[in-house]
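# Architecture at a glance
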Amino acid sequence: MPDKIAITLDVNGKSYDVNVEPRRSLADVLREDCGLTGTHLGCEHGVCGACTVLVDGRPVRACLMFGVQAEGKAIRTVEGLADGDVLHPLQKAFWENHGLQCGFCTPGFLMLAVGALEENPAMSEAELRDVLSSNLCRCTGYQNIVKAVRLAADEMRARRA
Ligand code: FES
Ligand code: FES
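Note that the structure is a prediction, hence the values are computed from the model and not measured.

Our next topic: the overall build of the protein. Per the secondary structure count, the protein includes five helices and five strands. Taking 2.2 N^0.38 as the reference for a compact globule, 161 residues should give roughly 15 Å; the C-alpha atoms of the protein span a radius of gyration of 16 Å, in line with that estimate. Its C-alpha atoms put the protein at 50 × 35 × 25 Å along the principal axes. Put simply, the protein has 161 residues, and 45% of those count as buried. Counting every atom, the protein has about 8500 Å² of accessible surface; 50% of that belongs to carbon and sulfur. Averaging the positions of the 17 positive and the 21 negative side-chain charges in the protein gives two centres separated by 5 Å.

Right, let's talk about the domain arrangement of the protein for a bit. When its domains are assigned, the protein resolves into domain 1 (5–80) and domain 2 (89–160). A straight line from the C-alpha centre of domain 1 to that of domain 2 covers 21 Å. Across the contact, 18 residues belong to domain 1 and 15 residues belong to domain 2. Buried area between domain 1 and domain 2, both sides added, is near 1300 Å², and the carbon and sulfur share of it is 59%. A salt bridge links arginine 76 to glutamate 118; the nearest nitrogen and oxygen atoms lie 2.8 Å apart. The interface formed by domain 1 and domain 2 contains seven residue pairs in polar contact (both at pLDDT 80 or more). At the level of elements, β3 (52–55) and β4 (58–61) are the ones that each hand at least two residues to the side of domain 1 that touches domain 2.

Pairing between β3 and β4: four bridges, direction antiparallel. Looking at β4, one finds that valine 53 is bridged to valine 60. Two successive antiparallel strands, β3 and β4, enclose a turn made up of two residues, where aspartate 56 displays a positive phi of approximately 50 degrees.

Let us look at the packing of helix α2 (residues 89–96) against helix α5 (residues 143–160). Between α2 and α5, the least distance of the axes is 8 Å, while the angle of their chain directions is 140 degrees. With respect to the hand of their crossing, α2 and α5 are arranged in right-handed fashion. Residues Pro89, Leu90, Lys92, Ala93 and Phe94 of α2 form the contact with α5, whose participating residues are Ile145, Ala148, Val149, Ala152, Glu155, Met156 and Arg159. Classifying every residue of the contact of α2 with α5 gives nine nonpolar, no polar and three charged.

This brings us to the nonpolar core. The biggest cluster of nonpolar side chains holds 26 residues, and the ones touching the most others in it are Leu90, Phe94, Phe109, Leu117, Leu132, Ile145 and Val149. When contributions to this core are tallied by element, the ones reaching two or more residues are α2, α3 (106–119), α4 (125–132) and α5. Tallying contributions element by element places α3 first for this core, with eight residues. Apart from the residues within four sequence positions on either side, phenylalanine 109 is in contact with Phe94, Leu132, Asn135, Leu136, Cys137, Tyr142 and Ile145. Leu9, Val29, Leu36 and Ala70 belong to the second-largest nonpolar core, a separate cluster that totals 21 residues.

Before going further, it helps to spend a moment on the packing of aromatic side chains. What the rule picks out here adds up to one aromatic pair. For the ring pair phenylalanine 109 and tyrosine 142, a centre distance of 6.4 Å and an interplane angle of 65 degrees mean the geometry is edge-to-face. Of this pair, phenylalanine 109 sits in helix α3 while tyrosine 142 sits in the loop between α4 and α5, and the two are 33 residues apart along the sequence.

Parameters at a glance
- Residues numbered from 1 in each chain as written.
- Chains lettered and ligands numbered in written order.
- Predicted model: local features only at pLDDT ≥ 70, side-chain atom pairs only at ≥ 80, totals over all residues.
- Heavy atoms only, no water.
- Helix = DSSP H or I, 4+ residues; strand = E, 2+ residues; numbered from the N terminus.
- Rg over C-alpha atoms; globule rule 2.2 N^0.38 Å.
- Buried < 20%, exposed > 50% of the residue type's maximum accessible area, 1.4 Å probe, protein only.
- Areas by Shrake-Rupley, 256 points an atom, 1.4 Å probe, with all protein chains shown as cover.
- Lys, Arg positive; Asp, Glu negative; His and termini not counted.
- Charge placed at Lys NZ, Arg CZ, Asp CG, Glu CD.
- Domains from an automatic or database assignment.
- Contact = heavy atoms within 4.5 Å.
- Buried area = accessible area lost by both parts, 1.4 Å probe.
- Salt bridge = Lys/Arg side-chain N within 4 Å of Asp/Glu carboxyl O.
- Polar contact = N/O pair within 3.5 Å; in protein donor to acceptor, adjacent residues only side chain to side chain.
- Pairing = 2+ DSSP bridges.
- Axes fitted to C-alpha atoms, helices over the stretch in contact; angles between N-to-C directions.
- Left-handed = near helix turned anticlockwise from the far one by under 90°.
- Nonpolar A, V, L, I, M, F, W, Y, C, P; charged D, E, K, R; others polar.
- Core = buried A, V, L, I, M, F, W, Y, C linked by side-chain atoms within 4.5 Å.
- Phe/Tyr/Trp six-rings, centres within 6.5 Å; stacked < 30°, edge-to-face > 60°.

Structure follows, in structure tokens:
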């Protein structure tokens, strides 16, 4: 069995040809083989959510998925959120509503919220809090994260209307 396998990953609409060990996590592949260090690693065992990315539109803990499992799937990371210099509504809302302090958890929260809001931009407050409860933040106390996501949800709904 080869030590490494050649795979092609589709990340933010761009192809990355990489040679990776089959046991290498998607988070490590993104950070170390694709050079996309916006995906953060906290606990590395599925608890904190800092490594959350979207895989075929669904939020996934990238520390719990092997990179080789992601071949053929559409991966989205925090690097793909902004449109050039124009921030995504969620990034803008986090910025304007102090939804971050140290920022370590922020990419994970952003990708979690993007995935959830793209699936259901009309989430109730309770649903939104339930979704956000899957990720951990050691700084903010969560109130401003919830507020930012709620305001971004309003803007995303208005854009669709
Ligand atoms: S680093 Fe993946 S869940 Fe914490
Ligand atoms: S802003 Fe520091 S961990 Fe969330």
